[in-house]
Structures are given as structure tokens and as C-alpha cells.
Amino acid sequence: MADSDVRFVEIEKLLSCVHCGLCLPSCPTYLELGTEADSPRGRILLMRALEEGRLRPTPEVTRHLDSCLGCRACETACPSGVPYGSLIEAARPFVEEHRPPVARFLRWLLDSVLTQPTVRNVATAPLRLLAGKPWTARFARATSLSLLGYAAALPEWRGVTPLPPVIEPDRELRGTAVLLTGCVAHSSFPQTTVSIARLLARAGVRVLIPPDQGCCGALSLHLGNDTRSRDLALRLSRHVSEDEADWYVTTAAGCGAHLREYGTLLPNDSGAANIGAKARDPLDLLAELGLPAPQRPLKAKIAMHDPCHLLHGQGVKNAPRELLRQIPGAELVELAEAEICCGSAGTYNLTEPGTAGRLLTRKLADIRASGADIIAAANPGCLLQIRSGAILQNMPVQIAHPIDLLARAHGLGD
Ligand code: SF4
Ligand code: SF4
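Residues numbered from 1 in each chain as written. Chains lettered and ligands numbered in written order. Predicted model: local features only at pLDDT ≥ 70, side-chain atom pairs only at ≥ 80, totals over all residues. Heavy atoms only, no water.

Taken together, 13 residues are adjacent to ligand 2, and Cys27, Arg43, Cys68, Cys71 and Cys74 come closest. When contributions to the shell around ligand 2 are tallied by element, the ones reaching two or more residues are helix H2 (28-33), helix H3 (40-51) and helix H5 (73-77). A per-class count over the shell around ligand 2 returns nine nonpolar, two polar and two charged. (Near = heavy atom within 4 Å. Helix = DSSP H or I, 4+ residues; strand = E, 2+ residues; numbered from the N terminus. Nonpolar A, V, L, I, M, F, W, Y, C, P; charged D, E, K, R; others polar.)

In C-alpha cells, the structure reads:
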């Protein structure tokens, strides 16, 4: 088939699925909804029919593709190497064009608010008054409003600590990292960015923080806006690509996984190729470089929730556990279904609240059964989702980014 005949993805990629079904038990939406069309295999068949023109993107077909979290658990499970993540990412912009105008506009609006720092700061200003306040949590429980739960789950707003453009290492230089600060993760959890900068410096890393950064484009792609996603990636590449950088790091696992794809997304941009080749999860990097022994004890049972874009998107599982185990007094326990999505998944909890809520309920039941005092989740979206659920259900459990737990143990955090 000539390239011009391709609707959204090369048919060969879709044909690589042999319909064995081995991915089904790993798929969170199949586990919850139990329908073949909400499984990886079913969605691949739908995408194939769309690509071959045998099916139109009707609301019914779009609903099954929308219900996919993009968590890529099926990719980890698939013995045939089906690149499911790139298939669904190609299908989303295609179905986007066939949505009713109002739905398209609302999704465009969400994309614009989340990916433009100035617009985002103005639009979310009222949230800052509610963020992290005990009365917001009480009000959220009384009304069962999940939006109030999210507001209560945010850290109390104390402004964004300005970071210098360069942070020199505390010990012998091991390399240079560019720290990304342009995204919603930094606006929502600014202290975590400060914590990782200090931890990297402690590990011997020179940290560069270029000014005027923007979003990496991951959220736009999730919302089916591939043009905007590429524009944002190009802009970021122009602003932050540095020859002297050894690594590019972000506290958001979803963004980290997206950065790794930059070389494929922008094949003609050398800056993007540089970022894609050097993107690295900061916990994975810290585990490799090593940190001095943490001095401050934390007597608590800690369980890890594995964010999809850390585990399935970047193949990182042991590094955060290894680092947390070094904290004196910390006892690591395993969480059942730690690898199953919590329902956050980029903007999924906003666009698909029903299924996201079911997955959150499942996660909270696993957390209760674990007996953990603290759940560590290395992605701001997961933090917000699980913490909001714990607040609404008045559960006595703390939900924290492992970076913040480590920073406190090293005397570097709040
Ligand atoms: S995606 Fe992979 S595991 Fe799932 S049905 Fe297809 S070949 Fe089998
Ligand atoms: S990406 Fe996640 S939700 Fe989507 S089909 Fe794969 S396992 Fe299921």
C-alpha cells in the first residue's frame, strides 16, 4: 500500500497482532468492563477495520477507543511485540476529526488550558485558594465532588520556588542533567521539582534549568491533537536541547515516556533526537549514580504504585524501591496489582470519569489490603488521583512522590 493510502497507521503494524489474547488479563479496562471491544485485541481489530475503511468512526467505535487509558500494559504483556502505544496514538487524531463540534471544542479547550503555562495559571487560580486545605477535604467528603477531592489533594499553595538556571553538584561531578519545569506537574507540585534538583546535586549531577520552558506535548497527543503536540515538542526542543546535557529529566513519568519518543515524533529535528536519546527517569538515574546514606528515619510501611508510563513506558520498576529501602526505618511492602492503572492516565480522569472512578476504587481496595502507611507514586497524575480518592474515603494513608520521601530522608525537603 502506498503511503498516501494510509489513513492513520501502516496496516502492517496492525497485522502484527495475532489475536492470541495473552494481553487481556493485563488490560485495566478489560478487567473492569469485561468487553472484548474494550480490550487491546478488540481495539486493534477496530483500528484495523477503520484503517481498511470497513468501519466508520461512529460514536460507538470512538467510545471504545476513548476508553483506552494508553497505559501500554498490553505492550509489556504482548509476546509478539505489537507496538500498541503507537497504534492508539495514531488512531486518536483520526477519530478526533469525526467528533461532534462541541466535543471537539471542549477537548481543544482542555488541551489549551493544560499545555500553556500562562493560560493554565489563570484558569487554575481559584483552585489555589482550595488547594490542600483541611476544610476543602471535609467539604469534598460532604459533597462527594471529585473536583473538590482533586483540589484537596493538591499541596497547599505557597508559590513556586524560583530555581536558578544552574545548580552545581555537592560532590564530584558525575554528569549534567537538564531539568524540565514547563509542565502541569511543576505548577501542581513545585516542591517535587525542587526536591529532585537537590537530590541530583547531592548525587554529583550539575542541573541545568533553562528559562521559559513549555509543555512537552504529551497531554495534547493524549487528547488527539497531534499537530499541537508536535509544535510543543519542537518549541521545547529549541529551548532546552543542550550539547553538554547527559540526561533530560522530569518528575512526571508520562512526560518522561513521551520525551523518549521525540526522535520518532520529530525525525528531522536534531534537538528532538538529542532529547529522545537522553531522556531518563530521575529515580532510575539516582539509583544508578548512588546517593550517600539517608540520615533521617521514616518509620513507616511504604508500598509502591507503579505508574504506567514509568513501568510500561520506560521499563522502570526496581529503582524507586531500591532507593526507598535505603531510608532508615522504612519497610517496603508490595501492593497487589501495583502495575494496574489508577485511572489517572493523562486527562483520562477528566474525560472518562466513570471508568477512571472504577479503577480508582479498585486501587483503593488494594491499598487498604496492603496495610501500608504511605503509598509512593512517581507521577503527579497518579498522586492526585489516588490522594483525592483517599481523601474522599477518609483513608488514613499518605500518598507521596518517592522523590519527596527521599528528599526528606536526606534532609533536603520540606
Ligand atoms: S496485542 Fe499481542 S498479546 Fe494482545 S492479542 Fe495481539 S498479539 Fe496477542
Ligand atoms: S493501553 Fe492499557 S487500557 Fe489500552 S488496551 Fe492497552 S492495556 Fe488496555
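Quick look at the state of the cysteines now. For the structure shown, the criterion picks out zero disulfides. Of all cysteine sulfurs in the structure, the one in Cys216 sits closest to Cys215, which takes part in no disulfide; the separation is 5.0 Å. For Cys215, a relative accessible area of 5% corresponds to the buried category. (Disulfide = S-S within 2.5 Å. Buried < 20%, exposed > 50% of the residue type's maximum accessible area, 1.4 Å probe, protein only.)

Another aspect to go through is the sheet that holds strand S2 (residues 175-179). Strand order in the open sheet formed by four strands is S1-S3-S2-S4, with mixed pairing between adjacent strands. Looking at the sheet topology across the chains shown, the edges are occupied by strand S1 (166-167) and strand S4 (247-249). Examined bridge by bridge, S2 and S4 share three bridges and lie parallel to one another. Each residue of the ladder has a partner; that of Leu179, found in S4, is Val249. (Pairing = 2+ DSSP bridges.)

The next thing to look at is empty space enclosed by the protein. All told, the structure shown has five cavities of 30 Å³ or more when counted by the stated rule. Considering only enclosed or pocket space, the largest cavity measures out at about 130 Å³ in volume. In terms of lining, the largest cavity is formed by 16 residues, of which the most central are Cys17, Cys23, Ile44, Cys78 and Val82. Those elements giving two or more residues to the lining of the largest cavity turn out to be H3 and H5. When residues of the lining of the largest cavity are assigned to their parent elements, the largest contribution, three residues, is made by H3. (1 Å grid on protein atoms, 1.4 Å probe; cavity = no way out; pocket = protein on both sides within 12 Å on 5 of 7 lines; lining within 4 Å. Points joined across faces, edges and corners; volume = space filled by probe spheres on them.)

This part covers the pairing of strand S3 (residues 205-208). Inspection of the sheet shows S1 paired to S3 by two bridges, in the antiparallel sense. Looking across to S3, one finds that Val166 is bridged to Leu208. Two elements, S2 and S3, share four bridges in a ladder whose sense is parallel. By the bridge assignment, Thr176 is partnered in S3 with Arg206.

Time to look at the domain arrangement of the chain. Each domain of the chain was delimited in the assignment, giving domain 1 (3-96) and domain 2 (293-409). Each of domain 1 and domain 2 has a C-alpha centre, and the two are 28 Å apart. Taken together, the 15 residues of domain 1 in the interface contact 14 residues of domain 2. Interface area for domain 1 against domain 2, summed over the two sides, is near 1300 Å², with a carbon-plus-sulfur share of 59%. On the domain 1 side of the interface with domain 2, the three residues burying the most area are Glu32, Leu69 and Cys71, jointly 42% of the side's total. (Domains from an automatic or database assignment. Contact = heavy atoms within 4.5 Å. Buried area = accessible area lost by both parts, 1.4 Å probe.)

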